[in-house]
Amino acid sequence: MGGEFYKVWGAALIALTVALAIGIGINEVTHSEHLEENAYKVNVPEGGAPTAAVAEKKVIEPITPLLASADVAAGEKAFKRCATCHSFEKGGPNKVGPNLYNVVGNQVGTVPGFAYSNALKAKGGQWGYDQLNAFLAKPKEWVPGTKMNFAGIKKSQDRANLIAFLRQHADTPLPIPGQ
Ligand code: HEC
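Owing to the predicted nature of the structure, the values given are computational and were not obtained by experimental measurement.

Thresholds, definitions, all that
- Residues numbered from 1 in each chain as written.
- Predicted model: local features only at pLDDT ≥ 70, side-chain atom pairs only at ≥ 80, totals over all residues.
- Heavy atoms only, no water.
- Helix = DSSP H or I, 4+ residues; strand = E, 2+ residues; numbered from the N terminus.
- Buried < 20%, exposed > 50% of the residue type's maximum accessible area, 1.4 Å probe, protein only.
- Contact = heavy atoms within 4.5 Å.
- Donors = N, O, S within 2.8 Å, 3.2 Å for Na, K, Ca; no water.
- Tetrahedral: all angles 85-135°; square planar, octahedral: opposite > 155°, others 65-115°.
- Near = heavy atom within 4 Å.
- Polar contact = N/O pair within 3.5 Å; in protein donor to acceptor, adjacent residues only side chain to side chain.

(A) Molecular detail of the overall build of the protein. Helices and strands together make up the secondary structure of the protein, namely 9 helices and 0 strands. Listing each helix as α and each strand as β along the protein from the N terminus yields α-α-α-α-α-α-α-α-α. By the burial criterion, 29% of the 179 residues in the protein qualify as buried. When contacts within the protein are restricted to residue pairs at least 6 apart in sequence, long-range pairs at least 24 apart make up 50% of them.

Below is the structure:
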């Protein structure tokens, strides 16, 4: 026996050592894979990169690029929302609001015989396309204290159509920039 015994034990020990070595090896591999995975996860920003959508919402889209293709007939229809308070024909009466003939390009708050708010009179300047666009988007934000009781027109194309319609009701329609 003797020698055989040690041979068997030797073989068993070698087998055990190899098995342990493999075991440790496997452990290390899976362990390092875990680490890699974790490290990778940490590097990924959660919820993706922040977008500027919230900040952009408040900015009023410029309408001059939309004016060229504006739909005047749609603008005339949209004017029904204004017609309770405004006339647009030449020589039309002031109602709750002033007559809007010639308004595009006109000085702000200067229609004869209309009692404007101090806020609008103080605003001054000219009703250019940008000013009308900003005013019609949110009247009370552009002229705080205005007595025009109107929430505003949300869609840029709707404002463009309406302004294109108003523009035609003038002795000399204000040129559209870039045309
Ligand atoms: C509820 C009545 C009312 C409605 C609806 C209304 N407005 Fe007015 N609007 C007014 C009044 C009142 C003023 C004078 C504001 C002031 O003096 O602060 C005014 C002023 C204006 C002015 C300035 C005119 C100037 O001579 O400086 C413009 C432009 C205008 N409105 C356009 C419109 C358009 C376009 C619409 C429709 C989308 C509209 N308004 C809807 C009552 C109204």
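(B) Structural detail: the coordination of the iron atom of the ligand. His86 (NE2) and Met148 (SD) make up the full set of protein donors to the iron atom of the ligand, lying at 1.9 to 2.1 Å. Every donor counted, the 6 donor atoms about the iron atom of the ligand form angles of 87 to 178 degrees at the centre, which fits octahedral coordination. A residue pair is termed long-range when its members are at least 10 positions apart, and His86 in the loop between α5 (80-83) and α6 (118-123) and Met148 in the loop between α8 (139-142) and α9 (156-168) qualify at 62 residues. A relative accessible area of 11% means that His86 is categorised as buried.

(C) Expanded view of unusual backbone geometry. Not every positive phi belongs to a glycine, and Asn102 is a case in point at roughly 75 degrees. Along the polypeptide, Asn102 turns up in the loop between α5 and α6.

(D) Local environment of the site of the ligand. Taken together, 28 residues surround the ligand, and among them Cys82, Cys85, His86, Tyr116 and Met148 come closest. At 2.7 Å, a side-chain N or O of His86 approaches a nitrogen atom of the ligand. Sorting the residues of the shell around the ligand by element identifies α5, α7 (129-137) and α9 as the ones contributing at least two each. In terms of residue count, the dominant contributor to the shell around the ligand is α7 (3 residues).

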